[in-house]
Amino acid sequence: MKKMAMLFVVFFAASALAIGFQTDKTGYQKLEAIKISGSCTQGVPAKLFATSGRLQIFSIDIECKENGSFETQYQTSFLDHSGEWALELNSSSEKTAKTISVNEIREAGFYIVRFQSPTEGTYQRNQALVFSVEVIDAGTRISDAAVVAWGAKGEKIQFKNNGNGQYVLEYKIPLDAPIGDWKPEVRSQAKKGEGMFGGIGKLNLQIEPATILVEINEPKVSSFEQGDKINFGITAKYADGSPLSSPVVSLTAGETAKNFEQITLDNFKADYTVPPNASGASEIQVTAKDFAENTGVAAVKIVVSCSATCLIRQYGLMAAAIILVTAALARIFYKNMSLKGKKEQLKKEEEKINNLIKDLQKDYFTKGVMPADSYKKNLSEYKSRSVQIEQELLELKRKEQAE
């Protein structure tokens, strides 16, 4: 029993110490080699990573010896970022880490790295940039330098040598690059005489989300009735015309939210039923997102009403009939009110004309202040209008009797 317990202890102790590593020092200067040794599990793949903040430094596959140990080294250079490095040894089931420091030396800033492009400013995710730099020594371009930089996500990238001391890197900002400040660091290294020298250049840039263009293809009209089904067809893509990566397209109308179905790489469709209580002008918002939360928005303005057909569909034949009858009675009521008002207006005008005729006769026969021609002319006009009023009153009376 004791032997079995001892075997378990040895087994778990061996498992606990399956991987581990140490460095020959904790602090280094550029151009020094970092010597690393440790324990590993034979037959189990392991990898040693080094990072500085978000920046990648190196990645080494570990070769495990038969005795469960390994030895490796990394030669630092002026192409490495300086400062604290986090070293991490990973296997399929375990990992362990430690921190070292790597410091600059005077020769690291011997050359000038001058940016030709891009200019400092704000750029979007998914935007293509061309980094172009010159490596200069005492006013002369160096044509045989090695030049590297780190991308927006910390990936290490090699520049292409275009000759004559010019180095170019074509780079597209990743869709999931961190938003905000980005300070690309460009490092160069070249031999001069018997020595190795370096140069450092930095640029201040800002990154903002990628633009997503949302185009509404359907609906073509803006007027709908309660209960109508609106078919939506939209196109969503990035500003450069490329399709969205893992897109999610949705519409929002009041409390309702609905996802679109993807038809092609950049075309999506959905339908939306206008609620029975909707009325007047409203807005439906269409939102397109990708996996990194880059977002584009478009709005569809609609006007909702309800005709007789809509009433039948929404409330059924009986309810619609009641509504329509009520509406008809209201029209008759208001029409009758209108006829009555017109009749009273005509009677007032008739009374006014009769008074004008009396005054006219008094002025002519009693007072003698009016010429005969004027009297006859005015009297004729008044009587003519009086006859018209009588005819209009008769016509209104016929309409009332007909209804």
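Residues numbered from 1 in each chain as written. Predicted model: local features only at pLDDT ≥ 70, side-chain atom pairs only at ≥ 80, totals over all residues. Heavy atoms only, no water.

## Brief notes about the pattern of salt bridges
The full count for this structure, using the stated rule, is 16 salt bridges. Of the charged contacts in the structure, one is a salt bridge between Glu 32 and Lys 25, with a shortest N-O distance of 2.9 Å. Put simply, Lys 258 and Asp 271 hold a salt bridge, and the shortest N to O gap is 2.9 Å. Of this pair, Lys 258 sits in strand S25 (residues 256–259) while Asp 271 sits in strand S27 (residues 267–273), and the two are 13 residues apart along the sequence. (Salt bridge = Lys/Arg side-chain N within 4 Å of Asp/Glu carboxyl O. Helix = DSSP H or I, 4+ residues; strand = E, 2+ residues; numbered from the N terminus.)

## Section: the environment of Met 196
Summarising the element assignment, Met 196 is placed in strand S19 (residues 195–202). A relative accessible area of 31% places Met 196 in the partly exposed class. Taking the C-alpha atoms as reference points, Met 196 and Ser 77, 119 residues apart in sequence, are found 9.0 Å from one another. Those residues in contact with Met 196 that sit more than four places away from it in its chain are Phe 78, Glu 107, Gln 189, Ala 190 and Lys 191. (Buried < 20%, exposed > 50% of the residue type's maximum accessible area, 1.4 Å probe, protein only. Contact = heavy atoms within 4.5 Å.)

## Some remarks on the sheet that holds strand S20 (residues 205–208)
Read from one edge to the other, the open sheet built from three strands follows the order S10-S20-S17, with strand pairing classed as mixed. A single partner strand is all that each edge strand has here, and the edge strands are strand S10 (121–124) and strand S17 (180–182). Here the strands of the sheet are splayed against their neighbours by 40° on average, with no regard to which way each runs. (Pairing = 2+ DSSP bridges. Axes fitted to C-alpha atoms, helices over the stretch in contact; angles between N-to-C directions.)

## Some points on the sheet that holds strand S7 (residues 83–91)
One key point about sheets: their strands pair by backbone hydrogen bonds, in either a parallel or an antiparallel sense. Spatial ordering of the open sheet is given by S2-S8-S7-S4-S5, a layout of five strands whose pairing is mixed. The open sheet has two edge strands, strand S2 (27–29) and strand S5 (55–61), and neither has a second partner. Taken pair by pair, the neighbouring strands of this sheet meet at an average axis angle of 25°, ignoring direction.

## Topic: the confidence of the model for the protein
Mean pLDDT over the protein works out to 86, with 86% of the residues at or above the 70 mark. Confidence drops under a pLDDT of 50 for residues 1–16, and excluding neighbours within four residues, the segment shows two contacts in the predicted structure. (pLDDT = per-residue confidence, 0-100.)

## Structural notes on the side chain of Arg 125
Tracing the chain through its elements places Arg 125 in the loop between S10 and strand S11 (128–137). As a buried residue without a salt bridge, Arg 125 has its nearest oppositely charged side chain in Asp 290, at a separation of 5.7 Å. Within the local environment of Arg 125, its side chain forms a polar contact with the backbone oxygen of Leu 175, the two atoms lying 3.1 Å apart. If we ignore the near neighbours within four places in the chain, the residues touching Arg 125 are Ile 173, Pro 174, Leu 175, Asp 176, Ala 177, Ile 179, Ile 207, Glu 208, Pro 209, Ala 210, Ala 292 and Asn 294. (Lys, Arg positive; Asp, Glu negative; His and termini not counted. Polar contact = N/O pair within 3.5 Å; in protein donor to acceptor, adjacent residues only side chain to side chain.)

## Remarks on the state of the cysteines
Under the defined criterion, the tally for this structure stands at one disulfide. In this model, Cys 40 is linked to Cys 64 through a disulfide, with the two sulfur atoms separated by 2.0 Å. Disulfide Cys 40 to Cys 64: torsion about the S-S bond roughly 95°, handedness right-handed. With Cys 40 in the loop between strand S3 (33–39) and strand S4 (46–52) and Cys 64 in the loop between S5 and strand S6 (69–75), this residue pair connects regions lying 24 residues apart in the sequence. (Disulfide = S-S within 2.5 Å.)

## Let's talk about the side chain of Ser 91
Within the fold, Ser 91 resides in strand S7. Assessed through its relative accessible area of 17%, Ser 91 is described here as buried. Each residue touching Ser 91, except ones within four places of it in the same chain, is listed here: Ile 19, Val 44, Pro 45 and Ala 46.

## Side note on the packing of aromatic side chains
Evaluation of the coordinates by the stated rule reveals ten aromatic pairs. Ring centres 6.4 Å apart and planes at 70° place the aromatic pair Tyr 111 and Phe 197 in the edge-to-face group. A residue pair is termed long-range when its members are at least 10 positions apart, and Tyr 111 in strand S9 (residues 111–117) and Phe 197 in strand S19 qualify at 86 residues. In terms of burial, Tyr 111 and Phe 197 fall into one category: buried. Centre to centre, the rings of Phe 131 and Trp 182 are 6.0 Å apart; their planes meet at 80°, and the pair counts as edge-to-face. Taken together, the positions of Phe 131 in strand S11 and Trp 182 in strand S17 put the pair 51 residues apart, joining distant regions of the chain. (Phe/Tyr/Trp six-rings, centres within 6.5 Å; stacked < 30°, edge-to-face > 60°.)

## A closer look at the pairing of strand S18 (residues 185–192)
Of all eight residues that make up S18, six are buried, and the element is covered over most of its length. Where strand S13 (residues 146–150) and S18 come together, four bridges link them in antiparallel fashion. Bridge assignment links Ala 146 to a residue of S18, and that residue is Gln 189. Relative to S19, S18 runs antiparallel, the two being bridged by eight bridges. Opposite Arg 187, over in S19, you have Ile 200 as the bridge partner. Between S18 and S19, which pair antiparallel and follow one another directly, the connecting turn spans two residues, one of which, Gly 193, has a positive phi of 65°.

## Describing unusual backbone geometry
The step from Ser 117 to Pro 118 runs through a cis peptide bond, and the omega angle for that step is 0°. Summarising the element assignment, Pro 118 is placed in the loop between S9 and S10. Of note, the bond from Glu 218 into Pro 219 is cis; its omega dihedral lies within 30 degrees of zero at 5°. Positionally, Pro 219 belongs in the loop between strand S21 (212–218) and strand S22 (223–225). The phi dihedral of Ser 246 falls on the positive side, at around 50°, and the residue is not glycine.

## A word on the pairing of S11
The buried count for S11 comes to eight of ten residues, which makes it a mostly enclosed element. Pairing geometry for S9 and S11, over five bridges, is antiparallel. Looking at S11, one finds that Ile 112 is bridged to Ile 136. With two bridges connecting them, S11 and strand S12 (residues 140–141) associate as antiparallel partners. Counted as the bridge partner of Asp 137 is Thr 140 from S12. Hairpin connection, S11 to S12: the antiparallel pair is bridged by two residues, and Ala 138 has positive phi, about 50°.

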